[in-house]
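Remarks on the overall topology
As a plain string of letters, each chain reads:
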Amino acid sequence: MKKLSCLLLSGLFCACTSQVSNVDTWNVVLKTNKDGEILRGSKGALMDAIRGGADIKIGWGGKREDLSIEHLSSPIWLAILSEEEVMAHLDPQVLSGIDWENLNANYKDPALLQQEWRVVLTTKGDFDAVWYDKKADTLIRRWPQKHIMTWFAKGSNEKKADPLFSKS
C-alpha cells in the first residue's frame, strides 16, 4: 500500500510539473519574410495576442558567410494599423561595439556612448533604424532595412479579441 501511494503521488507530481501552461510559454504567433509574407502563424493571431494583453517579443537577425547575429527584443510600444499591420517601437539603446574576432561586446569607443539607436518595425518586414546623437540633439544616420521577423507572444489566451477601440 505504501509503495502504491508513493507511486501515485510521484505520478501526479510528474503529470503536474510536465505540463507548461500557455501563460508561461513563448509561442511564435507570426513569422514573416523580408517582404512581410507570412511564413508561419498569422497577423490576426498577433493582433489577438496584443489585444489580449500578451507579452510580445520580436526576433530578427542577419547572416553572412562568416558572421551571424540574432536579436530578440521586447517592444516598448505597439500599434495595430487599420486592423491589418502591427508596428512596434523598441527601447532606445546605447550600442556597444562588437569584437567579431573574439565574439565579445564592449564600450571601448566613447563616441558610441553619446549615440542612441532607435528602431521601429512592422509586420511588413520593415525595420527603420536611426542613430541619434543625444548630446548634439542631431540625427547621425538613418538605415531603413527589410528583415525576416519572428513575433512571439507569452500569456496569450489564443481567443479572438475585439479591437481596442470597440465598445464591447
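That block above? That's the structure.
So, here's what we can say about the structure.

Rules and cut-offs
- Residues numbered from 1 in each chain as written.
- Predicted model: local features only at pLDDT ≥ 70, side-chain atom pairs only at ≥ 80, totals over all residues.
- Heavy atoms only, no water.
- Helix = DSSP H or I, 4+ residues; strand = E, 2+ residues; numbered from the N terminus.
- Contact = heavy atoms within 4.5 Å.
- Areas by Shrake-Rupley, 256 points an atom, 1.4 Å probe, with all protein chains shown as cover.
- Phe/Tyr/Trp six-rings, centres within 6.5 Å; stacked < 30°, edge-to-face > 60°.
- Buried < 20%, exposed > 50% of the residue type's maximum accessible area, 1.4 Å probe, protein only.
- Lys NZ or Arg CZ within 6 Å of the ring centre and 35° of its normal.
- Pairing = 2+ DSSP bridges.
- Axes fitted to C-alpha atoms, helices over the stretch in contact; angles between N-to-C directions.
- Core = buried A, V, L, I, M, F, W, Y, C linked by side-chain atoms within 4.5 Å.

1. Quick notes on the overall build of the protein chain
Regarding its fold elements, the protein chain presents two helices and 12 strands. Along the protein chain, helices (α) and strands (β) appear in the sequence α-β-β-α-β-β-β-β-β-β-β-β-β-β when read from the amino end. Of the contacts formed within the protein chain by residues at least 6 apart in sequence, a portion of 50% connects residues at least 24 apart. Per element, the accessible surface of the protein chain, about 11,500 Å² overall, is 55% carbon and sulfur.

2. So, the packing of aromatic side chains
Scanning all chains against the criterion turns up three aromatic pairs. A centroid spacing of 5.3 Å and a plane angle of 55° characterise the contact between Trp-60 and Phe-127, whose relative ring orientation is tilted. With a gap of 67 residues between them, Trp-60 in strand E3 (residues 55–63) and Phe-127 in strand E10 (residues 126–133) connect regions that are remote in the sequence. For the pair Trp-60 and Phe-127, one class covers both residues: buried. Seen from their ring centres, Trp-117 and Phe-127 are 6.3 Å apart, and the 45° between their planes marks the pair as tilted. Taken together, the residues span a long stretch of sequence, with Trp-117 in strand E9 (residues 115–122) and Phe-127 in strand E10 at a distance of 10 residues. An identical accessibility class is assigned to Trp-117 and Phe-127; each is buried. In textbook terms, an aromatic cluster arises when at least three aromatic residues are bridged by ring pairs, as seen for Trp-60, Trp-117 and Phe-127. Seen from the ring of Tyr-132, Arg-118 lies directly overhead, with NZ or CZ sitting 4.4 Å from the centre. Taking NZ or CZ as reference, Arg-141 lies 4.6 Å from the ring centre of Trp-143, over its face.

3. Digging into helix H2 (residues 43–51)
In an α-helix, one full turn covers 3.6 residues, which means residues spaced three or four apart are oriented alike. Of all nine residues in H2, seven are buried, a share of seventy percent or more. Taken together, the buried positions of H2 are occupied by Lys-43, Leu-46, Met-47, Asp-48, Ala-49, Ile-50 and Arg-51. Positive backbone phi, approximately 85°, marks Gly-53, located one or two places after H2.

4. Points about the sheet that holds strand E2 (residues 38–41)
For sheets, the rule is that strands pair by backbone hydrogen bonds, running either parallel or antiparallel. With antiparallel pairing, the five strands of this open sheet are ordered in space as E2-E1-E12-E3-E4. Single-partner strands in this sheet number two, and they are E2 and strand E4 (68–73). On average, adjacent strands in this sheet sit at an angle of 20° to one another, irrespective of strand direction. Bridge count between strand E1 (residues 26–32) and E2: three bridges; the pairing is antiparallel.

5. Notes on the nonpolar core
The biggest cluster of nonpolar side chains holds 22 residues, and the ones touching the most others in it are Leu-121 and Trp-151. Among the secondary structure elements, those contributing two or more residues to this core are E1, H2, E3, strand E6 (85–90), E9, E10 and strand E12 (149–154). With four residues, the single largest contributor to this core is H2.

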